[in-house]
Amino acid sequence: MIKGFKEFILRGNVIDLAVAVVIGAAFTAVVNAIVSSVITPLISVFYKPAENGEVGPSITGIYGQEVVFPLPALLSAIISFFAVAIVVYLVFVYPMNRWKAIAAARAGVNQPAADEPKLPTEQELLVQIRDLLERQNKL
């Protein structure tokens, strides 16, 4: 049981996922700070805060109330998602894929054998079929 657990943990995917979650949580805090200190003030330049303090475009509802679309919250979520996704890709996915490709190349997985004949292309096969049909029709 311990051996199976050790193999499970050391498989690579579990460690990558755990690190990605931790880095994602920490990076989300950084992104939220950037959005609240840079993006929200920039939006405030164009929109006056509503009575409840929300910033964004507002319209008057059918009952005369002011309805505010809080753009900073939306932009924060979008920016946070893409920032975390980019960091996870660049720090974990891309290096892991490169490592797997190098390991496969060292193992000779993707290398064709030297004595293995090259397969014909689709065009070459079609030419061969045409020639065979012409010969068959002449008989």
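Structure: see above.
Residues numbered from 1 in each chain as written. Predicted model: local features only at pLDDT ≥ 70, side-chain atom pairs only at ≥ 80, totals over all residues. Heavy atoms only, no water.

## Some words on the overall build of the chain
Right, so step 1: When its secondary structure is counted, the chain shows four helices and two strands.
Right, so step 2: Element order for the chain, N to C, with α for helix and β for strand: α-α-β-β-α-α.
Right, so step 3: A buried classification covers 13% of the 139 residues belonging to the chain.
Right, so step 4: Here the analysis covers contacts within the chain between residues at least 6 apart in sequence; of these, 42% occur between residues at least 24 apart. (Helix = DSSP H or I, 4+ residues; strand = E, 2+ residues; numbered from the N terminus. Buried < 20%, exposed > 50% of the residue type's maximum accessible area, 1.4 Å probe, protein only. Contact = heavy atoms within 4.5 Å.)

## A few points about the pattern of salt bridges
Right, so step 1: Tallied over the full model, the rule gives one salt bridge.
Right, so step 2: As a salt-bridge pair, Arg130 and Asp131 come within 3.2 Å of each other at their nearest N and O atoms.
Right, so step 3: Residue classification places Arg130 among the partly exposed residues on the basis of a relative accessible area of 45%. (Salt bridge = Lys/Arg side-chain N within 4 Å of Asp/Glu carboxyl O.)

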